[in-house]
Each structure stands twice: as C-alpha cells, then as structure tokens.
Amino acid sequence: NAGVTQTPKFRILKIGQSMTLQCTQDMNHNYMYWYRQDPGMGLKLIYYSVGAGITDKGEVPNGYNVSRSTTEDFPLRLELAAPSQTSVYFCASSYQQSSGANVLTFGAGSRLTVL
Amino acid sequence: AQSVSQHNHHVILSEAASLELGCNYSYGGTVNLFWYVQYPGQHLQLLLKYFSGDPLVKGIKGFEAEFIKSKFSFNLRKPSVQWSDTAEYFCAVNRNTDKLIFGTGTRLQVFP
C-alpha cells in the first residue's frame, strides 16, 4: 500500500517558470490537501478538496491552482514561480471517522527552490 | 480566527529527562486534537489524537497528551525522552470536518 505519493521530491525553478507538483493516493480517501511548510511557520494550508470535482482555498492560495478530476489525484500548479514560493510542499489525504474528524496521511514532501 | 499556539519553539533536553510541550487553541465548542511528529528528513506522522472520551490520550512511542477543556490546552508529555525522539512536533486542531489548523511546531533536540 503506497499511501500518498508526491513527485518530484526536489525541483529548482527560475522565476516566472511554471510547474506542477503531482500527488496521488491509493487509499480511496475523499479529502485531499496541499500544505506548505516554512521554517518557524508550521504548515499552512494552500488548497483542499473534499471530493472529485470539488476544490476550495485554504489559508495561502495565491499563486497556486489545483484540480481534482479523480479521487486519486490532486495536482498543485504554480503558474509564475516566485522566490516566495520556495518551500517544502506536503500533500495529504484523509478519511472521515465516525466522529466526523479527519486523520491526515502525509506524503514525503516536495522541496521547491525558486531562483 | 481560529488559531493554534505552540509556545515552545525549541526545546533541548538530555536523554531520560521528562518532556512537556504546550499547545493551546482558540476554537470554541467541540474540537478534535492531534499531535504530529516529523523526524529529520521525513514526512509528518500521527503521534496521537483526541476526539472524545478520556481526556488523557496515549500515543505511540510512550507519548501521551492531556486535553484540558477549561484551559483550551492539549499538552504533549513523555516521562523519559530518548535520542531518537529528536524531531519537530506539531499540534493541530479542527472542528468536525473543518480544515485542520497546525501550530508553528516545536523542535526537540535530545542529547545523549
């Protein structure tokens, strides 16, 4: 069982370039999330999805786009990379417990540097 | 706005010392509480969680946390830390299926 798989693990971009971070989960989770992690700032939610065809903004969505065409995949797109987007990006998915709470399973992360 | 505060940003301990990491949240009403751990170079893993019932929750690797509703707190404890506990620890909170909000994290360094 692979869990949550992210690619690539590392990437260096030039300012203004675009790229897509891929995220796939094989646990049939309805919920999927993208977080960015910056030193001393914890994790900030970029976008999330409660099911295929449904996405919503999190705390820091500017400069990013997402789509959710299937249950398994939740790619994150950077259209015009900026140095402020240098970060480690984590994809996560979750299932809804009987209490209504979600327990997140995280991917291994993608380290992005924009120069 | 809802927030989660972790007041200890960096904690340094010797092996066998006791650990307590603070976590306070600003939500009202019923909440779900989590502690996640991130070992160096790895992704976040669930350490323990509280949804309801006994406010003293036991997790993996000898960790436990106590939910004190009147203090809006969910502090993480371990009686005797090991070098392998060196990691970053994140508290997280949500209500029902709301978005999970993370604290800024506490870096723990344990020296032999």
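Residues numbered from 1 in each chain as written. Chains lettered and ligands numbered in written order. Predicted model: local features only at pLDDT ≥ 70, side-chain atom pairs only at ≥ 80, totals over all residues. Heavy atoms only, no water.

(A) Expanded view of the overall build of chain B. When helices and strands are tallied, chain B shows zero helices and 12 strands. For chain B, the succession of helices and strands along the chain, N to C, is β-β-β-β-β-β-β-β-β-β-β-β. Taken along the three principal axes of its C-alpha coordinates, chain B extends 40 × 25 × 20 Å. For chain B, the proportion of its 112 residues judged to be buried stands at 46%. (Helix = DSSP H or I, 4+ residues; strand = E, 2+ residues; numbered from the N terminus. Buried < 20%, exposed > 50% of the residue type's maximum accessible area, 1.4 Å probe, protein only.)

(B) Examining the nonpolar core more closely. Core analysis: the biggest nonpolar cluster contains 30 residues, and Leu19(B), Leu33(B), Trp35(B), Leu48(B), Phe74(B), Leu76(B) and Tyr89(B) have the highest contact counts within it. Membership of the second largest hydrophobic core comes to 20 residues, among which are Ala92(A), Val103(A), Leu104(A) and Phe106(A). (Core = buried A, V, L, I, M, F, W, Y, C linked by side-chain atoms within 4.5 Å.)

(C) Representation of unusual backbone geometry. Of note, the bond from Thr7(A) into Pro8(A) is cis; its omega dihedral lies within 30 degrees of zero at -5°. Tracing the backbone through its elements, the reader meets Pro8(A) in the loop between β1 (4–7) and β2 (10–13). For Ala16(B), which is not a glycine, the phi torsion comes out positive at approximately 80°. With respect to the helices and strands, Ala16(B) occurs in the loop between β2 (10–14) and β3 (19–21). Ala16(B) gets classed as exposed once you look at its relative accessible area, which sits at 53%. Although it is not a glycine, Phe72(B) sits at a positive phi angle of roughly 50°.

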